[in-house]
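Close look at the chain arrangement
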Amino acid sequence: MLFELSSELYAWIRGGLLFAALYSFLFFILNKRKQYLYYSLFLLCFFLYYLKNISYGKFDLIYDYINYPLLLLGLASYIAFGRDVLETKKKIPEWDRMIVLAMRSTFIIAFVFIGIQFFFGHNYQDRAFIFLMPIIAVFSVLTYFVLTKIEGKHVTYFIIGSVSYLTLAIAAYLLKMAFDNEHFMGLQPKLLMYLGALIEMLMTALLIGNKLKTYEKNKVKIENELVIKTKEMNDLKMTILQTQMDPHFLYNSLNSINNFVLQHDKEKASDYITKFSRLIREVLKNSTSLTIPLEDDLGILGLYIKLEQMRMIGGFDYIVTIDEGINLRDIQVPPLFMQPYIENAIWHGFNTKKNYKRISLSIYDEEDNIRCEIIDNGVGIKESQAKRAKYKSDRKPFGLKASEDRIKLLHENQKVYVIIEDISDHNNTGTKVTIKFPKKIL
C-alpha cells in the first residue's frame, strides 16, 4: 500500500538516504572537507532511524535506546553541516558561538537520552523530547532569521530544506502522539518525516550545486586576477630594467661628446650633439612605453648607430635586411631591446680591431615568430674576454641580461630564446646573436 511504511515508495526514500550518505562520505574522502562528513553522518542517522519502520519488532529493545539519540545525533551533525557550509564563523561570528553551543549541547543530550532509557524507561524519553521540541523550534527560528544576513542562494536552499524537514518532523511527531501512532486521514504520521527528508535532500543538492558553481566562478575570477597581477608584475620588472638601461646608454653618448670637445673638433661635436638630441628626444618619448612598434625601434637604433659610427675611428658599416611581408608596425617590442647587443659588438668586438668592421642586422619571418640575427666581424667572444682579462678592463657588457629579460617578460617566456655565439674560425672572427620571439603578445 502507498501509505504503509514498508511499501516500495518509502524503501526508495530510505535507499536514497543511504546512497546520499555514502556519496557524501566519498566526497569527504576525496577532498577532506568536513561539511560532507557532517552531512553524511546526518543522513546515516536518519537512515538508521527509519529502518525501525521495517524491523517488525526484531530490534525494538535496541531502538528503545537509540531511537531519540539517532534523531539528536543527526540534528547535531546537521547543525555542524550548516555551520560549515554557510561559513557562519566568518559571516555571523556573534551568532556562531550560539550555534556551536547548540551543536555541542545536542550531541551531549543524545547520550543523556540513553541514560534516561536505562534508568527511567521510554516514557520519560518521550517527555524529555517533548520538552526539547519547543527549545529546538525557537532556536531554529532565531537562527533562520540571523542567516538571512548572509547573501547567496545557498542560504535560501538551506533554510527551505531545514525548515521543511523540521516542520514536517515536528508535525509527524505531534500527530503520532495525538493519534497514538494510528493512521491520520489514512496516512502514517511518519510519512511527513519521509516527505521532509526528501525535500531536504533536494534542497541540499541544489545548495551544493550552487556552492560548486560559485567556487568555479571564484576560481576563474582568481585565475584572471592572477594573470592581471602577473602581467602588472612583469610590466614593473620591464620598467625597472628599462630604467637601468637608459642612464648607461646616455652616459656612453655624453662620454663621446666629451671626446669630441677634448679633440677640439667643433663641427663633429656640433653634428654629434644634433643627432644626439634627436636620439634623446626619441628615447624620452618612449621612456614610459613598455613596448613600441619594431619599425620605431629600428629607427631609434639607426640614430644610435650613426652616433657610434661618428665616434669610432674609421667607422663601421651597418647593413639591415628585412624579409618582405613583415609588417614592422604590427610587431611590438621593448624599446632599444637590440641596442645592448650592437653596443656590445661595437665596444668589445671593434675596440681593438684595426681593419674593416661590419655589423649586419637581419630580420626573418618565421610563421608566428620573428627571428633577428645580429652578426659582427669583431674579434669574437673568446678573444674579447682574453683581452679584457689581460688589460684588466672593468667595462662589462651592461644591459645584455636586462634586454633578454625584457623580451622574455613581454612574452611570458613563451617560445623566446636569445643565443650569443662565437662564429670565429681560422680565417674570420665574429659574434652572432640570435633573438627569436612571437609576433603577437599574448
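Basis of the calculations
- Residues numbered from 1 in each chain as written.
- Predicted model: local features only at pLDDT ≥ 70, side-chain atom pairs only at ≥ 80, totals over all residues.
- Heavy atoms only, no water.
- Helix = DSSP H or I, 4+ residues; strand = E, 2+ residues; numbered from the N terminus.
- Buried < 20%, exposed > 50% of the residue type's maximum accessible area, 1.4 Å probe, protein only.
- Areas by Shrake-Rupley, 256 points an atom, 1.4 Å probe, with all protein chains shown as cover.
- 1 Å grid on protein atoms, 1.4 Å probe; cavity = no way out; pocket = protein on both sides within 12 Å on 5 of 7 lines; lining within 4 Å.
- Points joined across faces, edges and corners; volume = space filled by probe spheres on them.
- Salt bridge = Lys/Arg side-chain N within 4 Å of Asp/Glu carboxyl O.
- Patch = residues over 30% accessible without salt bridge, like charges linked within 9 Å, V, L, I, M, F, W, Y side chains within 5 Å.
- Pairing = 2+ DSSP bridges.
- Axes fitted to C-alpha atoms, helices over the stretch in contact; angles between N-to-C directions.
- UniProt positions renumbered as here; feature names shortened; annotations may be inferred.
- Expected span 1.5 Å × (residues − 1).
- Contact = heavy atoms within 4.5 Å.

**As for the overall build of the chain**
Of the regular secondary structure elements, the chain holds 13 helices and seven strands. Evaluated residue by residue, the chain yields a buried proportion of 43% over its 442 residues. Surface exposure of the chain reaches about 24,900 Å², of which carbon and sulfur atoms provide 62%.

**Thoughts on the layout of surface pockets**
Gaps left between atoms are located by rolling a probe of water-molecule size over the structure's atoms. Each pocket or cavity is described by its volume, and for the largest pocket that value is around 840 Å³. Leu-75, Ile-79, Ile-136, Ser-140 and Leu-166 are, among the 41 residues lining the largest pocket, the residues nearest its centre. Within the residue set of the lining of the largest pocket, elements represented by two or more residues are helix H2 (34-51), helix H3 (60-85), helix H5 (93-119), helix H6 (122-147), helix H7 (153-179) and helix H8 (190-262). Of all the elements, H6 adds the most residues to the lining of the largest pocket, at 10 residues.

**Overview of the pattern of salt bridges**
Going through the model one piece at a time under the given rule, you end up with 14 salt bridges. Between Arg-371 and Glu-373 there is a salt bridge, with the nearest N and O atoms lying 2.2 Å from each other. Comparing Arg-371 with Glu-373 shows no difference in burial state: the two are buried. When salt bridges with common partners are traced through the structure, they connect Glu-366, Arg-371, Glu-373, Lys-432 and Lys-436 into a single cluster.

**So, unusual backbone geometry**
Even without a glycine there, the phi angle at Lys-32 is positive, about 60°. Checked against the element boundaries, Lys-32 lands in the loop between helix H1 (8-31) and H2. Judged by its relative accessible area of 58%, Lys-32 is exposed. The backbone phi angle of Leu-336 is positive, close to 55°, even though this residue is not glycine. In this fold, Leu-336 is placed in the loop between strand E3 (332-333) and helix H11 (339-349).

**Focus on a nonpolar patch on the surface**
On the surface, a cluster of nonpolar side chains totalling about 380 Å² of accessible area is made up of Leu-18, Leu-22, Leu-41, Leu-44 and Leu-48. Only H1 and H2 provide two or more residues apiece to the nonpolar patch. With respect to the helices and strands, Leu-48 occurs in helix H2.

**A few points about the environment of Phe-118**
Considering the arrangement of structural elements, one finds Phe-118 in helix H5. Residue Phe-118 is classed as exposed on the basis of its relative accessible area, which comes to 57%.

**Notes on the sheet that holds strand E4 (residues 358-366)**
Here we have five strands laid out as an open sheet, ordered E2-E4-E5-E7-E6, and mixed in their pairing. Two strands bound the open sheet, and with one partner strand each, they are strand E2 (317-322) and strand E6 (417-422). The sheet shows a mean angle of 10° between the axes of neighbouring strands, direction not considered. As paired strands, strand E5 (residues 369-376) and strand E7 (residues 431-438) are joined by eight bridges and run antiparallel to one another. Paired with Ile-374 across the bridge in E7 is Val-433.

**A word on the UniProt feature "transmembrane region" (unreviewed entry) in the chain**
Those places that UniProt annotates as "transmembrane region" (unreviewed entry) correspond, in this numbering, to residues 12-29, 36-54, 66-86, 98-122, 128-147, 154-179 and 191-209. Span residues 128-147 is 100% helix and 0% strand, its end C-alpha atoms 28 Å apart. Spanning residues 191-209, this segment combines 100% helix with 0% strand, and its end C-alpha atoms are found 27 Å apart.

**Details of H5**
The end-to-end C-alpha distance of H5, which contains 27 residues, comes to 39 Å, matching closely the 39 Å that a straight helix rising 1.5 Å per residue would cover. Of all the positions in H5, only Trp-95, Asp-96, Ile-99, Val-100, Ala-102, Met-103, Thr-106, Ala-110, Phe-113, Ile-116 and Gln-117 are classed as buried. In this structure, the buried residues of H5 make contact with H3, helix H4 (88-91) and H6. Gly-121 sits one or two residues past H5 and shows a positive phi near 105°.

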